Amino acid sequence: MATLNPTHDPAAALAYWRARPLPLMQATREKLLPFARRGERANPADVADIVLQDPLLAVKVLRAANQRIRSSLASDVVALESVVLLYGVAPFVEQFVRGPTVEELLDKDPRRLQRFRAETLNVRFATTLTRDYAARRHDARPDEVTAAALLSGMPALLAILAEVDSDPPPGPMPFERLLAAWQTPDAVIALCRERGEATPRQTMQHATQRLAGAVRQGWWQDDVTHALKAIAQVLLQPDAVVWRVLVSRMLEFARQENWRDIDWPPARWLAMLPGDWPLPPPPKPAAPPRPDPLAQRMQALHLAGKQGAAANHIVSLAVHALAEGMQMRRIALILISQDGKSLRVRFTLGVADDDPLQRFALGLEAPTLFAQLMQKPQCVWLQGERRENWAALLPAALTEQIGPDDFCAMSLFVHDKPLGMLFADRGDDAPLSEGDYQSLRRICQLTCKALAESAPR
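By convention here, each chain's residues receive numbers from 1 onward along its written sequence. Local features in a predicted model are, by the rule used here, given only for residues with pLDDT of at least 70; side-chain atom pairs are given and counted only at 80 or more, and totals for whole chains, interfaces and linings are based on all residues. Side-chain descriptors were evaluated using all non-hydrogen atoms of the structure, hydrogens and water having been removed beforehand.

Draft legend 1. Seen up close, the nonpolar core. Among buried residues, those of type Ala, Val, Leu, Ile, Met, Phe, Trp, Tyr and Cys that are joined through side-chain atoms within 4.5 Å constitute a nonpolar core. Only protein chains enter the accessibility calculation, which uses a 1.4 Å probe; a residue whose area is less than 20% of its type maximum is buried, one above 50% is exposed, and one in between is partly exposed. In terms of nonpolar packing, the biggest core is built from 55 residues, with Val51, Phe92, Phe116, Leu151 and Leu158 touching the most fellow members. When residues in this core are grouped by element, the largest group, 7 residues, is from helix α4 (residues 55-66). The contact definition used throughout considers only heavy atoms, calling two residues in contact when any of these lie within 4.5 Å. Apart from residues no more than four positions distant in its own chain, Val51 is found in contact with Leu32, Leu57, Ala58, Val61, Leu80 and Phe92. Val315, Val414, Cys448 and Ala450 belong to the second-largest nonpolar core, a separate cluster that totals 40 residues. Secondary structure counts use DSSP, requiring at least four H or I residues in a row for a helix and at least two E residues in a row for a strand, with both numbered from the N terminus.

Draft legend 2. Examining the sheet that holds strand β4 (residues 379-382) more closely. Sheet architecture is open: 6 strands sit in the order β3-β2-β1-β6-β5-β4, paired in antiparallel fashion. Looking along the sheet, the strands with just one partner apiece sit at the ends: β3 (361-363) and β4. Taken pair by pair, the neighbouring strands of this sheet meet at an average axis angle of 20 degrees, ignoring direction. Strand pairing is assigned whenever DSSP identifies at least 2 bridges connecting the two strands. Judged from the 6 bridges that link them, strand β1 (residues 330-336) and strand β2 (residues 342-349) form a sheet pairing that is antiparallel. Note on β2: the bridge partner recorded for Leu335 is Arg344. Axis definition: a line fitted to C-alpha atoms, over the contacting stretch in the case of helices. Angles run 0 to 180 degrees between N-to-C directions.

Draft legend 3. Quick look at the packing of aromatic side chains. Here a Phe, Tyr or Trp ring, Trp counted by its six-membered ring, pairs with any other such ring whose centre lies within 6.5 Å, and the pair is stacked when the planes are under 30 degrees apart, edge-to-face when over 60, and tilted otherwise. A complete count under the given rule lists 10 aromatic pairs for this structure. Taking the centre distance of 5.8 Å and the plane angle of 80 degrees together, the rings of Trp219 and Trp220 count as edge-to-face. Given the relative accessible area of 23%, Trp219 is considered partly exposed. Its relative accessible area of 39% is what places Trp220 among the partly exposed residues. Three or more aromatic residues joined by ring pairs form one cluster here, namely Phe360, Phe370, Phe407 and Phe423.

Interpretation in functional terms is not warranted from these geometric data alone.
Listed below in structure tokens is the structure:
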């Protein structure tokens, strides 16, 4: 695995890189700042897509997410969209647009800034290519593949920043030790590791990284041929199929990205290809009807349990089902404290900073509706007559924190152990219907089943 510089003190270098603040690109900051004003109306996936285009910021986000204080529900985080959901869009933007930009650090050295931008494009190209081939392999955890590809590009980017540091790192530091110090998930470190017995997944990961680097020197390089064959063997497809994916990605990347005055795109050599040029593809057929987002999220919950997904990913899918599939206005994940005596909010979506729900806390000793929810997996819908019937279970301490609107709440269990609950409401503009309640019950059932399937007894 790569080292970051060739001097003499690995321990001191590890301390240098471990807590080093990572800058972001100025263009990334400008794209993210408007999301802070949009708040709950912003789509977390759009924020994650912007972060993915800035490899150094993407690694900074993953590092922060995996170094956070853990709880019994927390686990490794490798999906950028999950991190955005964990923080909330506005707090996420506020947290990660702070600090210096690459342009500020390298403003007096335009040549190094040009090198940094070129290397950033190379990392993005390698990451995109890696995701393409992983999708063809039907990789069950594509976010791990993406994270490993981003991290594999870090030595080159960090080395450029170290060149202009007045107090540079004092010695070599193996890259694997840096990943461990950043608490990078083991599955991602394994994909970055080049030594030892390689699985087909690791073989394709390393071959794709070699291919992305070799093709910059020309398509006729032996390394290109060897990497194509390695990928083809893993995919069980002809070399020509793997080559067509590479050509398509090179041309698309050269057309979409701004390579001017930075570096030549990988597609620069394609004009020298021998033989007949292929005919242009036929016009694309009309896009099929957009699938039902609620049905998609329910299907994802079902598959997550079958595939043994992490608990935080399963909860994230449930939040997606409520937010995108059912258009809920406020959503809160509320967990049981470690001593089992109270419920406390863990994260929220669409909840204003001054909303009491943002700081929700409720003891479980008193007989409340939420305490009853912790008795078994179930879903409740509070509206109309039910509010009057359950008035005794809705003390002022509870209603003051959740507000006066109709709401739904579903408990989260792993086997027979309660974890907490998901709370959601729509406000007065879009009251819940009986059909909505049945969908909520289904989300509750799928979420608890997936949590149980993914966790050992």
